[in-house]
Amino acid sequence: MAAAVAVAVAVALVLLAADAVAPGRDALLNVCMDAKHHKSEPGPEGRLYEQCSPWKDNACCTANTSLEAHRDQSYLYNFNWNHCGVMPAKCKRHFIQDTCLYECSPNLGPWIEQVDSSWRRERILHVPLCREDCEQWWEDCRDALTCKENWHKGWNWATGTNRCPWGSMCRPFSQVFPRPKDLCEKIWSDSFRYSPEPRGSGRCIQMWFDPARGNPNVAVAKYYAWRKRSPPAWGEPGAPERDGAGRAPRGSALLLLLLLPLALVLLPSEPGALRPRGWGSL
């Protein structure tokens, strides 16, 4: 009996070790949300248009989607950036980049939530946007005009495109959104959260990055995927202790360590009790 249990434990340890070395596909990492224009899974695109090009090596958007993201009024959502006059180019580039991140990034898995909507089944919620991205967005748009704080809902769609609700007034962004935090968090119904962390910290999502240096959001998604599954432990509160490859300890590896003493206790002491048989005895 002890021998059988020992064999079962040994097999379990081997499987757990294999999982620790070669883990399966993670549902929170390298995924596309189930929304209006996203691909079913990420992959390389031969070419993405202008500001969306940093994601071309692994994208949730198609080349056509990336092109439409740059139009003043595209077929993507029939949304008009110029609802209070022409939006300045230095402001518009942030909304284009925001669209590229939303449509193309495969690194938003930890913040994907189910929604009951006629045009999408999933959305992002509370993505921690790097401090500089929020602040520069606000600075470049502070003098642009808008009539609404939340751009997700409440528009007049009578003409088929968004227009200001009746009775609303166009005001500078700096009045509608007094702080960078207000802009990032309120404009898309809390899709983003203003993060006090800077770019390069590994703790916030970057809208802007140099693809020649790799996509920094891959590591950020891994960190928050770990946080979503595990209680704070291993070092500073809420931060995993990293091994040489920058990975947090996996639960399976910890379980392996817990089971190892049990396997040693249960192994039979008689010599040859578990001696393997040769191929000829099968």
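Along each chain, numbering runs from 1 in the same order as the chain's sequence is written. Totals for whole chains, interfaces and linings use every residue, but because this is a predicted model, local features are given only for residues with pLDDT of at least 70 and side-chain atom pairs only at 80 or more, for both listing and counting. Only heavy atoms go into the side-chain values, all of them from the structure, while hydrogens and water stay out.

## Let's talk about the overall build of the protein chain
By the criteria applied, helices consist of DSSP H or I runs no shorter than four residues and strands consist of E runs no shorter than two, each listed in order from the N terminus. Counting its secondary structure elements, the protein chain contains eight helices and six strands. Secondary structure elements of the protein chain, listed N to C terminal, follow the sequence α-α-α-β-β-β-α-β-β-α-α-β-α-α. Per-residue accessibility, obtained with a 1.4 Å probe over protein chains only, is compared with the maximum for each type, and a residue is labelled buried under 20%, exposed over 50%, and partly exposed between these values. Put simply, the protein chain has 282 residues, and 41% of those count as buried.

## Quick notes on the environment of Val-31
With respect to the element layout, Val-31 can be found in the loop between helix H1 (2–21) and helix H2 (63–68). The class for Val-31 is buried, based on a relative accessible area of 9%. Val-31 sits 78 residues away from Gly-109 along the chain, and the two C-alpha atoms are 6.0 Å apart.

## Looking at the nonpolar core
Take the buried Ala, Val, Leu, Ile, Met, Phe, Trp, Tyr and Cys residues and link them wherever side-chain atoms come within 4.5 Å; each set so joined is a nonpolar core. Ranked by internal contacts, the top residues of the largest apolar core, which has 50 residues, are Phe-95, Trp-137, Trp-151, Phe-173 and Trp-188. Secondary structure elements with two or more residues in this core: helix H3 (89–104), strand E3 (127–129), helix H4 (131–141), helix H5 (173–176), helix H6 (180–186), strand E6 (192–194) and helix H7 (217–229). Excluding its chain neighbours within four sequence positions, the residues that come into contact with Phe-95 are Trp-81, Met-87, Trp-137, Cys-141, Trp-151, Phe-173, Ile-187 and Trp-188. Residues count as neighbours in contact if any of their non-hydrogen atoms are within 4.5 Å of one another.

## Structural notes on the packing of aromatic side chains
Ring pairs are drawn from Phe, Tyr and Trp, using the six-membered ring of Trp, whenever the two centres fall within 6.5 Å, and their geometry is named by plane angle: stacked under 30 degrees, edge-to-face over 60, tilted for the rest. Overall, the coordinates contain 17 aromatic pairs when judged by the stated rule. Note on Trp-151 and Trp-188: the rings are 5.9 Å apart at their centroids and 90° apart in plane angle, and the pair reads as edge-to-face. In this pair, Trp-151 is assigned in the loop between strand E4 (145–146) and strand E5 (171–172) and Trp-188 in the loop between H6 and E6, connecting sequence segments 37 residues apart. Taken individually, Trp-151 and Trp-188 each receive the classification buried, so the pair is uniform in this respect. One aromatic cluster is present, built from ring pairs that chain together Phe-79, Trp-81, Phe-95, Trp-137, Trp-151, Trp-155, Phe-173, Phe-177, Trp-188 and Phe-192. In this scheme, the term charge over a ring applies when either NZ of a lysine or CZ of an arginine sits within 6 Å of the ring centre and within 35 degrees of the ring normal. Its guanidinium or amino end placed over the ring of Trp-155, Lys-148 lies 5.5 Å from that ring's centre, counting from NZ or CZ. The ring of Tyr-223 is capped by Arg-203, whose NZ or CZ atom sits 3.5 Å from the centre of that ring.

## As for the side chain of Asp-182
Mapping Asp-182 onto the fold places it in helix H6. Not counting chain neighbours up to four residues away, the residues in contact with Asp-182 comprise Phe-177 and Ile-187.

## Brief notes about the side chain of Ser-189
Counting through the fold element by element, Ser-189 comes out in the loop between H6 and E6. Other than its neighbours up to four places away in sequence, Ser-189 contacts Arg-123, Leu-125, Asn-150 and His-152.

## Let's talk about H3
Helix length check: H3, at 16 residues, gives a terminal C-alpha distance of 22 Å against a target of 22 Å (1.5 Å per residue), a fit within 8%. Counting buried residues along H3, 13 of its 16 residues qualify, which places the element largely inside the surrounding structure. The length a helix should cover is 1.5 Å for every residue beyond the first.

## Regarding the environment of Lys-39
Mapped onto the elements of the fold, Lys-39 is located in the loop between H1 and H2. Exposure remark for Lys-39: the relative accessible area of 18% places this residue in the buried category. Distance in space between the C-alpha atoms of Lys-39 and Ala-59 is 8.4 Å, their sequence separation being 20 residues. Engagement of the side chain of Lys-39 in a polar contact is seen with the side chain of Glu-45, the distance being 2.8 Å. Polar contact is defined as a pair of N or O atoms within 3.5 Å, subject to the rule that within protein one atom must be able to donate a hydrogen and the other to accept it, and that residues adjacent in sequence are counted only when both atoms are side-chain atoms.

## Considerations on unusual backbone geometry
Positive phi, normally seen in glycine, also occurs at Asn-30, with a value near 55°. Its location among the elements puts Asn-30 in the loop between H1 and H2. With relative accessibility at 36%, the residue Asn-30 sits in the partly exposed group.

## Quick look at the state of the cysteines
In this description, a disulfide is simply a cysteine sulfur pair whose atoms lie within 2.5 Å. As enumerated under the stated definition, the model contains eight disulfides in all. With its sulfur 2.1 Å from that of its partner, Cys-32 forms a disulfide with Cys-60. Disulfide Cys-32 to Cys-60: torsion about the S-S bond roughly -90°, handedness left-handed. Residue Cys-32 is located in the loop between H1 and H2, and its partner Cys-60 is located in the loop between H1 and H2; the two are separated by 28 residues in the primary sequence. Each member of the pair, Cys-32 as well as Cys-60, carries the same accessibility label: buried. Between the sulfur atoms of Cys-147 and its disulfide mate Cys-164 the distance is 2.1 Å. Disulfide Cys-147-Cys-164: torsion about the S-S bond near -95°, hence left-handed. With Cys-147 in the loop between E4 and E5 and Cys-164 in the loop between E4 and E5, this pair connects stretches of sequence that are 17 residues apart. Each of the two residues, Cys-147 as well as Cys-164, counts as buried.

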